[in-house]
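As a plain string of letters, each chain reads:
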Amino acid sequence: MKIVKGNIIFTSAYEKFEVIENGYIVIENNKVKGTYKNLPKEYAELEIIDYENKLIIPGMNDLHCHAPQYRNVGIAMDKELLPWLNDYTFPEEAKYEDTQYAKEVYSRFIKELYKNGTTRAVAFATIHKESTKILMDLFKESGLGAYVGKVNMDRNSHEDLFEKTMTSINDTIEIIEEYKDKYSLVKPIITPRFVPTCSDELLERLGEIAEKYNLPVQSHLSENLGEINWVKELHPNTSSYAGVYDKYNLFGSTKTLMAHCVHLTEEEINLMKNRGVYVVHCPTSNANLGSGIMPIRKLLNSGVKIGFGTDVSGGHSFSIFKTMVYAIQLSKLLWSNDKDNDFLSLSEAFYIATKGGGSFFGKVGSFEEGYDFDALVIDDSDLCFEDYTLLERLEKVIYLGDDRNICCRYVNGRLI
Ligand code: GUN
Ligand code: FE
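Nothing here was measured: the structure is a model prediction, and the numbers come from that model.

Rules and cut-offs
Residues numbered from 1 in each chain as written. Chains lettered and ligands numbered in written order. Predicted model: local features only at pLDDT ≥ 70, side-chain atom pairs only at ≥ 80, totals over all residues. Heavy atoms only, no water. Phe/Tyr/Trp six-rings, centres within 6.5 Å; stacked < 30°, edge-to-face > 60°. Lys NZ or Arg CZ within 6 Å of the ring centre and 35° of its normal. Core = buried A, V, L, I, M, F, W, Y, C linked by side-chain atoms within 4.5 Å. Buried < 20%, exposed > 50% of the residue type's maximum accessible area, 1.4 Å probe, protein only. Contact = heavy atoms within 4.5 Å. Donors = N, O, S within 2.8 Å, 3.2 Å for Na, K, Ca; no water. Tetrahedral: all angles 85-135°; square planar, octahedral: opposite > 155°, others 65-115°. Helix = DSSP H or I, 4+ residues; strand = E, 2+ residues; numbered from the N terminus. Pairing = 2+ DSSP bridges. Right-handed = clockwise from strand over helix to strand, strands pointing away. Near = heavy atom within 4 Å. Polar contact = N/O pair within 3.5 Å; in protein donor to acceptor, adjacent residues only side chain to side chain. Areas by Shrake-Rupley, 256 points an atom, 1.4 Å probe, with all protein chains shown as cover. Expected span 1.5 Å × (residues − 1). Arc of directions from axis to C-beta.

K.L.:
How would you sum up the packing of aromatic side chains? Please name residues and give values.
P.N.:
Counted by the stated rule, this structure contains 19 aromatic pairs. What links up through ring pairs into an aromatic cluster is the set Phe-10, Phe-367, Phe-373 and Tyr-410. Between Lys-332 and the ring centre of Phe-343, over which it is positioned, the NZ or CZ distance is 5.0 Å. In this arrangement the basic side chain of Arg-409 is found over the ring face of Tyr-114, its NZ or CZ atom lying 4.3 Å from the centre.

Right, dumping it as structure tokens:
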């Protein structure tokens, strides 16, 4: 059993923050037992880790990032999605055939997630099975929680970044067999890159594998208009882009997330809601690649589950704090043209970053009873003024803070 003390802030619902000034979190078997303003007598004898005037908040969940795009972060921002993939992204990912290269760059990628306060991530690797295993091993060493996907793509790609259908399937199964029970916090996830780079046979087999092993699925959906038209040409008889994944049991048959979802039709939104498929909102990437502004209010109102993704290197920031800010800013741009379409509030953004996204991993992202204790301890002494409220302090950290303000990180009850 463990007790931490400090200024506790979390969101159990979209609408409001729970704030406990100088409060206590009791942790038992790595899970939150309770949060208290006054410590119950039964715990009085236990040692307390006192974080004094610091803030204690849930860890950040990044539901969509590309580990092999680490070197391209902050460069190559002058094209939209399809030429960006062809000219910058695919050639970089092809280098991960080389496991030494993978080891070096993946270590730096994970360090960057850690620095920025991400405690759990859902990551794309590349098509290469050995480097994908290295990424999983490195996540395990770091103490962070992660789902890691070997990417599947057997058509419409570069000759250096191409796999035969059967190799793609066999390599995927090999990784699953080796890693499904190997680590408790790092797990495989089925990862068709997106519809244009996957043959029908590949999609069909991946759907079967996801169901057979009860594994989650991640992919991209409706990011860019050129991409959407391409999917229409490739699948003229399927009613929507989402419908293609659905046809192959890759849309909520098991836990599923879809990155971007900028240009969904009403039919697709309903399907996501009915199948419990997560939207991963990647605002920095959508701005950088000129993909569009995801209508977050509409999606929230429709009841779809939402998390945030950095989508590095489409996104240039590893920080889920900064992702919150971009999401709020983009929602305000939409609101400025349509005042019925309310912008995202700070508590809504915080909920999406913590409990909303965290739910993909289980009971993660809140300090309610039974939740895994994932937390950040924030020293904001360089940012705050004495008369700030705790929520003003948090807002300032979200807008202006960086990795230097994060002094401790817990994942599943363990200080990492
Ligand atoms: N769609 C297919 N692959 C990718 C990728 O690597 N990044 C983004 N942003 N979109 C994609
Ligand atoms: Fe992506």
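K.L.:
Talk me through the nonpolar core; I want residue IDs and the actual numbers.
P.N.:
Counting 76 residues, the largest nonpolar core has Leu-221, Met-272 and Phe-321 as the members making the most contacts within it. With residues near it in sequence (within four places) discarded, Leu-221 still touches Tyr-241, Ala-242, Tyr-245, Phe-251, Met-258, Ala-259, His-260, Cys-261, Val-262, Leu-264, Glu-268 and Met-272. In this structure, Cys-65, Ala-67, Ile-134 and Met-136 belong to the second largest nonpolar core, which totals 31 residues.

K.L.:
Report on the coordination of the iron ion (ligand 2), specifying residues and quantitative values.
P.N.:
Around the iron ion (ligand 2), the protein contributes the donor atoms His-64 (NE2), His-66 (NE2), His-220 (NE2) and Asp-311 (OD), at 2.0 to 2.3 Å from the metal centre. Classification of the site at the iron ion (ligand 2) rests on its 4 donor atoms, whose angles at the metal span 86 to 173°, yielding the label irregular. Going along the chain, you hit the donors of the iron ion (ligand 2) in the pattern H-x1-H-x153-H-x90-D. Here the residue His-66 occupies a position in strand β5 (residues 60–66), and Asp-311 occupies one in the loop between β14 (306–308) and α11 (320–337), the gap between them amounting to 245 residues. Grouping residues by exposure puts His-66 and Asp-311 together as buried.

K.L.:
Please provide a residue-by-residue account of the pairing of strand β6 (residues 118–124), values included.
P.N.:
Counted residue by residue, β6 has 7 buried out of 7 residues, so it is predominantly covered. Sheet topology places β6 next to strand β7 (residues 145–149); 5 bridges connect them, and they run parallel. Residue pairing across strands places Phe-124 opposite Gly-149, the latter belonging to β7. Chirality of the crossover, the property in question, places the unit of β6, helix α3 (residues 129–142) and β7 among those that are right-handed.

K.L.:
Tell me about the site of ligand 1, residues and numbers included.
P.N.:
Around ligand 1 sit His-66, Gln-69, Leu-81, Trp-84, Leu-85, Arg-193, Phe-194, His-220, Glu-223, His-260 and Asp-311, and those are all the residues in its vicinity. His-260 is positioned such that a nitrogen or oxygen atom in its side chain is 3.5 Å from a nitrogen atom of ligand 1. Between Asp-311 and ligand 1, the recorded distance is 2.7 Å, taken from a side-chain N or O atom to a nitrogen atom. Burial of ligand 1 by the protein amounts to 100% of the accessible area it has alone, namely 270 Å². In terms of residue count, the dominant contributor to the shell around ligand 1 is helix α1 (residues 81–94) (3 residues).

K.L.:
Go over helix α2 (residues 99–115), please, and point to the residues and values.
P.N.:
Between its terminal C-alpha atoms α2 stretches 24 Å, which fits the 24 Å expected from 17 residues at 1.5 Å a residue. Among the residues of α2, Tyr-101, Ala-102, Val-105, Tyr-106, Phe-109, Ile-110, Glu-112 and Leu-113 are the ones counted as buried. One side of α2 holds all its buried residues, which, seen down the axis, span an arc of 155°. Turned more than 90 degrees from where α2 packs its buried face, Arg-108 and Lys-111 sit exposed.

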